[in-house]
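Notes for the structure review
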Amino acid sequence: MARAATTTDAFNAVAEPRRRQILDVLAGGERPVNDLVMLLGLAQPLVSKHLRVLREVGLVEVRDDGRQRMYRLNGHALKPIHDWVKNYERSWSQRFDQLDVVLEELKEMEDGNDGSDE
Amino acid sequence: MMAVTSSGSAVVTLPSDTQILITREFNAPRRLVYKAWTTPELIKRWWSGEQGEVTLADVDLRVGGMWRYVMVAEGGFEVGFHGEYREIVPNERIICTEVYEGMPKGEAVNTHTFTETDGRTTLTVLVQHTSQEHRDAHINSGMEVGMQEAYDRLEQVAVSLR
């Protein structure tokens, strides 16, 4: 499946470990930027830069609360990534379902001849 | 005939940028899971899942030995995978390389671990790629097979409309 080559999709946005950390923190609830700076131990300009990338792809949303800017996670934007992995997972599930059938037969065979073929 | 009870579905996670981890529990002791995993005539029965038919399963189960599987998807689209065994602990662990022949540069190292508890086996497959690009392409490859089948079917429909 084709993916954008620029940094403008969710896949590229979460490729950066620090940005994933930010998403992990925001998964616990809305936070002002100062909290993120403190929790991640990063310089504020760097945190702001990551937040900008996350906002551009819609992974986080921001609102003004008095003098603070509050950031929160937008889970919907993660759906393409979820779907992407799910598809791969489905093909493994189908494969393992077939393996279940083979295993049941192997168990029956063993029960039938007391495992004397091993 | 014993009813086949599904032991749950595969769980896929991405522990790091270059890894894929697949986990699944089976209602069978691990020596049987290992046997089904390493015996060509058994591999042929499950490895393709619902995506087609396994036409080749070569297994030279020794360190330095090669494996190669070929699957023909519906519509005739052929995909091959091969690799080399790096470490073999019978019924416990297999470490081998894996190359998807459609993307020969993206060699991964797969660690298969078979753990048994109360007659049930948990299998984990850790796929370690050399780059995120290759890891992502690997996850995409399953979809490409599916898309290829869809294109093939579309072509058949198109031809029938002529």
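On a predicted model such as this, the values are computed, not experimentally measured, just so you know.

Cut-offs used in this document
- Residues numbered from 1 in each chain as written.
- Chains lettered and ligands numbered in written order.
- Predicted model: local features only at pLDDT ≥ 70, side-chain atom pairs only at ≥ 80, totals over all residues.
- Pairing = 2+ DSSP bridges.
- Helix = DSSP H or I, 4+ residues; strand = E, 2+ residues; numbered from the N terminus.
- Contact = placed C-beta atoms within 7 Å.
- Axes fitted to C-alpha atoms, helices over the stretch in contact; angles between N-to-C directions.
- Buried ≥ 20, exposed ≤ 12 C-beta atoms within 10 Å, placed from the backbone.
- Domains from an automatic or database assignment.
- Core = buried A, V, L, I, M, F, W, Y, C linked by C-beta atoms within 7 Å.

Another point: the sheet that holds strand β3 (residues 68-73) of chain A. For sheets, the rule is that strands pair by backbone hydrogen bonds, running either parallel or antiparallel. Residue and element names in this part refer to chain A. Taken in spatial order, the three strands line up as β1-β3-β2 in an open sheet, and their pairing is antiparallel. Each of the sheet's edge strands pairs with one partner strand only, and the pair in question is β1 (31-32) and β2 (60-65). Looking at chain direction, β2 and β3 are connected through six bridges and run antiparallel. What sits directly across from Arg63, in β3, is Met70. In the packing of helix α2 (residues 17-27) onto the sheet, the strands contacted are β1, β2 and β3, and the crossing angle to β3 comes to about 95°.

A few words on the environment of Leu40(A). All names here are of chain A. Tracing the backbone shows Leu40 in helix α3 (residues 33-40). Classification of Leu40 by C-beta neighbours within 10 Å gives partly exposed; the count is 16. C-alpha separation for the pair Leu40 and Val25, spaced 15 residues apart in sequence, amounts to 9.0 Å. The residues contacting Leu40, other than those within four sequence positions of it, are Arg18, Gln21, Ile22 and Val47.

Residues and elements named next belong to chain B. Spatially, eight strands are ordered β1-β2-β8-β7-β6-β5-β4-β3 in an open sheet, and the strand pairing comes out antiparallel. Each of the sheet's edge strands pairs with one partner strand only, and the pair in question is β1 (11-13) and β3 (52-59). Averaged over neighbouring strand pairs, the angle between their axes works out to 20° when direction is ignored. The pairing of strand β2 (residues 19-26) with strand β8 (residues 120-128) spans eight bridges and is classified as antiparallel. Of the residues in β8, the one forming a bridge with Leu21 is Leu126. In the packing of helix α1 (residues 30-38) onto the sheet, the strands contacted are β2, β3, β7 (108-117) and β8, and the crossing angle to β7 comes to about 150°.

Each domain of chain A was delimited in the assignment, giving domain 1 (10-77) and domain 2 (79-113). Between domain 1 of chain A and domain 2 of chain A, the C-alpha centre-to-centre distance is 38 Å.

Moving on, we get to the environment of Glu56(A). All names here are of chain A. Within the secondary structure, Glu56 sits in helix α4 (residues 44-56). Residue class for Glu56 comes out partly exposed when judged on the 13 C-beta atoms lying within 10 Å of it. Distance in space between the C-alpha atoms of Glu56 and Thr8 is 6.9 Å, their sequence separation being 48 residues.

Counting residues in hydrophobic clusters, the biggest one holds 30 residues, and the most contacted among them are Trp92(A), Leu99(A), Leu103(A), Val12(B), Val33(B), Ala36(B) and Trp46(B). Here the element with the most residues in this core is helix α5 (residues 79-113) of chain A; it accounts for six residues. Contacts of Leu99(A), omitting those with residues within four sequence positions, involve Ala36(B) and Trp46(B). The next biggest cluster of nonpolar side chains, apart from the first, holds 15 residues, and it includes Val47(A), Leu54(A), Val57(A) and Val60(A).

Another point: unusual backbone geometry. Residues and elements named next belong to chain B. Positive phi, normally seen in glycine, also occurs at Asn91, with a value near 70°. Its location among the elements puts Asn91 in the loop between β5 (78-89) and β6 (93-100). Exposure remark for Asn91: the 17 C-beta atoms within 10 Å place this residue in the partly exposed category. Backbone geometry places Asp118, a non-glycine residue, at a positive phi of 50°.

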